[in-house]
Amino acid sequence: MKRAIAGMRVAAAAGLIVALTAGLLALVWAGATSAQEPVQINAEVTTQEEANCDTIDLGLLDSTPGTKLTASGRWTTADCDSRFRANSDAHTYRFEIVATGRIRVDLMSPDADSYLYLLDWEGNRITENDDGGVGALDSRIERELKAGVYRVEATTTAGRVRGAADFEVVVTQVATCNPEPLGVLTPEQDIEVTGFWTPESCQSIFLTGHPSRYFVFTLPEGARVRFDLTSEVGDPVLIVAPIVALRSVVPGQVAHNDDAAGTRNSRIEQYFPADVYGIEATTFRTRDLQGPMIDFTLTVTIVEEEAQQSSPLLKIEEVDIPTEVVAGDPLSINFRIGNLGGDEFPDKGSNAILYAIGPRVFDRSRPVLAELWPAGVAYHTNEETASATSTKSPAITPHSVTFYRTGPTWVFTAVIVSDGNEDEIGFHGVWHDLVVQSGPTYDPVLVEVDGVVYSVSAELDDEEEEKGLVVTTVTSVDDPEAEIDLEIQERAQYAAGVRTQLLDGIFDRPAIAGLPESADPAPVAVANPSSSGLLKTAAPRYAALVEASGLLENLAAGEAISPIAVEKLVLAFAEGASGTYASVADSWRALLERVNSGGALTFDEAAAVQAQFAYVENVIAPVVAAGEIVDAAHAAELGWDDPEVQAMLSVQPSCYTGEDPLSDPLALAGIEGADALEELDAEMRAALFAYIVAIDNVLCAVENVDAANHRFLERLGLDQSEQLLALIEPESLPEPEVEPEPDPPHRLRILARLGEDGRIEHGVELISGFEILPERRHLPADTQAGMWYSTLNVELDGASIGQIRSRRLADGRVQLGFRDFGGDVIAPDIAYLPADLDEGVWYRSSLIDVPVPPEPPEDDEEAE
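These lines cover the structure that appears in this document, whether it is placed above or below. What you see is a predicted model, and the numbers here were worked out from it, not measured in a lab.

Basis of the calculations
Throughout, a residue's number is its position along its own chain's written sequence, starting from 1. Given that this is a predicted model, residues contribute local features only at a pLDDT of at least 70 and side-chain atom pairs are listed and counted only at 80 or more, while totals for whole chains, interfaces and linings are drawn from all residues. Think of the side-chain values as coming from all heavy atoms in the structure, minus any hydrogens and water. Patch building starts from residues that exceed 30% relative accessible area and form no salt bridge, then joins like charges within 9 Å and nonpolar side chains (Val, Leu, Ile, Met, Phe, Trp, Tyr) within 5 Å. Each accessible area value is a Shrake-Rupley result obtained with a 1.4 Å probe; residue values ignore everything except the protein chains displayed when judging cover. The term salt bridge refers to a pairing of a side-chain nitrogen on Lys or Arg with a carboxyl oxygen on Asp or Glu at a separation within 4 Å. The convention is simple: Lys and Arg are positive, Asp and Glu are negative, and His and the chain ends are not counted. One atom stands in for each charge, and that atom is NZ of Lys, CZ of Arg, CG of Asp or CD of Glu. A helix here means a DSSP run of H or I that spans at least four residues, while a strand means a run of E at least two residues long, and both kinds are numbered starting from the N terminus. Think of it in three bands: with a 1.4 Å probe and only protein chains considered, a residue is buried below 20% of the maximum accessible area for its type, exposed above 50%, and partly exposed in between. Pairing between two strands requires that DSSP report at least two bridges joining them. Each axis is a line fitted through C-alpha atoms, and for a helix only the stretch in contact is used; angles between axes span 0 to 180 degrees, taken between their N-to-C directions. Angular relationships are summarised with four words: roughly parallel below 35 degrees, roughly antiparallel beyond 145, roughly perpendicular across 65 to 115, and oblique for the angles in between. With the far helix as reference, a near helix turned anticlockwise by less than a right angle produces a left-handed crossing, and one turned clockwise produces a right-handed crossing. It only takes one pair of heavy atoms within 4.5 Å for two residues to be counted as in contact. Only Asp, Glu, Lys and Arg are considered charged in this grouping, and only Ala, Val, Leu, Ile, Met, Phe, Trp, Tyr, Cys and Pro are considered nonpolar; every other residue, Gly among them, is considered polar.

**Describing a negative patch on the surface**
Among the surface-exposed residues, Asp443, Glu459, Asp462 and Glu463 lie close enough to one another that they form a single negatively charged patch. Inspection of the secondary structure assignment puts Glu459 in strand β32 (residues 452-460).

Below, the structure is given as structure tokens:
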């Protein structure tokens, strides 16, 4: 899919709307203009400003197309100041035109980055331009002007720091851009025209510096009309306005569009009364950013309203999105989408793609197939977007995007619908504005560090509010003017972050809300929120419950593990987790009651809350969920075959836990008998899938907790604090001693051939084909049957790898073998030579692996 919206569109669209609503509606046709109306005074009048800085008179511009007024000058760095640009030289010129016409003003410089302003006689700015000229840094303004006197200010972008530079100003009368007639639009006769935008194309009325083409057509009867402006490489913008004659523009209904249906192309579709209409086909990019020739196709058609109303119509009905988000936080975009049309999709191949897009962010769904969209159906992704008739579907899920740049931004949530031929048949989207902040904001809260109470707040910086920058303030309650040590500030800010980002609303968090609390609370002390801290807390509880189950005794006795016994163990895990949660929840309630009554949260309490929160979310919640699966299977008539139970089991772990998943956790906690627990773990995995869900979901959650802890500090702007990073630093297992891998063995075959004298010659052939023949390598012809003979050493890379062995057998055959450097005998699978050997032909054994001999020790002199 092509990109739908470009980031800079917001400002451009706003400027376009202002221009439209101001009634400056003109399509640059002969005399059909929105030309400026300067004060009609004699060109000899001199203002007070001119008395100080002369305005150079270029004279009267003839109305014949192609005539020019020119002037050359030099910015010396000591000229008059620009009216509009600080510390920039400026030269001012005036010219007069006696009739309305299209005027082009060029400001060119080989050495400077020119900047051009067009002013009325009184010095009021009409428009400006930078880099719109023929050269990369030249400036150009082109527009319709009414008869009168005008000024231009020739200045620079970079100011005086770039030094002196020459320039040239050229004012040209150009041919008026007449509209191209397209004829009459009827239901039977569409309009289609192709063309190009070039740097010399007429300039847009509404987007200064943008090339445009103009068209006019007649609509004899009111109708719903669709305008499509498409381009293979360009970025079209489409504007439609009514006119009553080719030379008279009438302000009235205006339609405009940029980027329809999730593409760069533009579309307008609405009802138009009978009239003569003008079309401006322009581009989002200015002349200097265009290629030399950009194609476009303009299509105008009458839409059959009855057929359209009976067609499917997918719309984004509701969007739930926050107005503020912290940079780096995933932003969930929930929505409701429905088919508000009068029919189903035209074919089974039809589909809808849902997407969300913003500056540098994009998320899209897979194609949602036609059968999900009967007329009137609607789906929601959360309760906030639900209607009385909408439902949920696994195919319709929230979008998620992450912004990293702070400041104002936007998100466009949309759906694009295609039929089985991949032709677009529908599009709809909704804009939302939001602010990306550098961190969370919160009202003042009280915290305590080393016995001193501080007030901490985080709010948008008044001077940097537009940039989304959040400033945190830490103030001593007893001495508001006291200077606070940096480490104290960090701990106070951390405690305030735990209070506002974790403790407040902690029972409403998705992983915690609804967790059952056992009637028998079991206190737990979690050393820290790191992965090692959680595993060292959970592993002893796991080991104790497994030992109490008696399953280790079953394993030791060689008995098969009962799935029923494993079910009971999972339920025991869940019950123990509920007891732990009950104790933690009680402590959280006590803290909330105190701080909500005006008490301060201490730094140590904040650290404990973060550790407890990590343990509950990543250990307790997955274990309780596994227990609920076992309970559901016991309650279901079909047991484990129940579809709902199977759906609960389908939530797979989010990571691969390895072949020995409990090895590191048990070692980290120093659990005795870890080998037996690991062996039992493998058997329980084979016996009950719910056990796998319980254990692996915990292990996977814990695997991600260190990144979550670091992100928590990053959101608070504390990710560079050494003391706080130490608080969440995980403990590592000592690296096991790894024995060096032995060198790969030499792979070779034993060679043997019969000579003329009856002796048998031996050698070896490496797998590479390289042959080695030892010095003494012949088996005599008269050797005793059954007696082994050996060659001298087979040497490779200056070292002996062993000797070839062979012996004659009583049946006339010869048996081959090899003894390695250590004296071990290696027997090939194919080791026998036939009794009737062909003379002079090499025979080969099967491949054997011969160990590589160790490096000889260095002598003392070499060692020194």
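**Some points on the environment of Pro211**
Here Pro211 lies in strand β13 (residues 211-219). Looking at Pro211, the relative accessible area reads 2%, which means it is buried. Sequence separation of Pro211 and Trp197 is 14 residues, and the distance between their C-alpha atoms is 6.2 Å.

**Quick look at the pattern of salt bridges**
The tally for this structure, following the rule as stated, stands at 32 salt bridges. The salt bridge involving Arg711 is made with Asp329; its shortest N-O contact spans 2.5 Å. Taken as a pair, Arg711 in helix α13 (residues 705-715) and Asp329 in the loop between β22 (324-326) and β23 (330-339) lie far apart in primary sequence, 382 residues in all. By the burial criterion, Arg711 is buried, and Asp329 matches it. By sharing partners, the salt bridges in this structure join Arg102, Arg104, Glu142 and Glu144 into a single network.

**Here we look at the sheet that holds strand β3 (residues 90-97)**
The strand order across the open sheet built from five strands is β1-β3-β8-β5-β6, with neighbouring strands paired in mixed fashion. Where the open sheet ends on each side, the last strands, each with one partner, are β1 (55-61) and β6 (125-129). Averaged over all neighbouring strand pairs, the angle between strand axes comes to 20°, with direction disregarded. Where strand β5 (residues 114-120) and β6 come together, four bridges link them in antiparallel fashion. Looking at the pairing, Leu116 lines up with Asn129 of β6.

**Topic: the packing of helix α4 (residues 486-503) against helix α8 (residues 603-635)**
At a minimum axis distance of 9 Å, the contact between α4 and α8 shows a crossing angle of 45°. On the basis of the axis angle, α4 is oblique to α8. Relative to α8, the crossing made by α4 is left-handed. Across the interface between the two elements, Arg491, Tyr494, Ala495, Val498, Leu502 and Leu503 from α4 touch Phe603, Ala606, Ala607, Val609, Gln610 and Phe613 from α8. A per-class count over the contact of α4 with α8 returns ten nonpolar, one polar and one charged.

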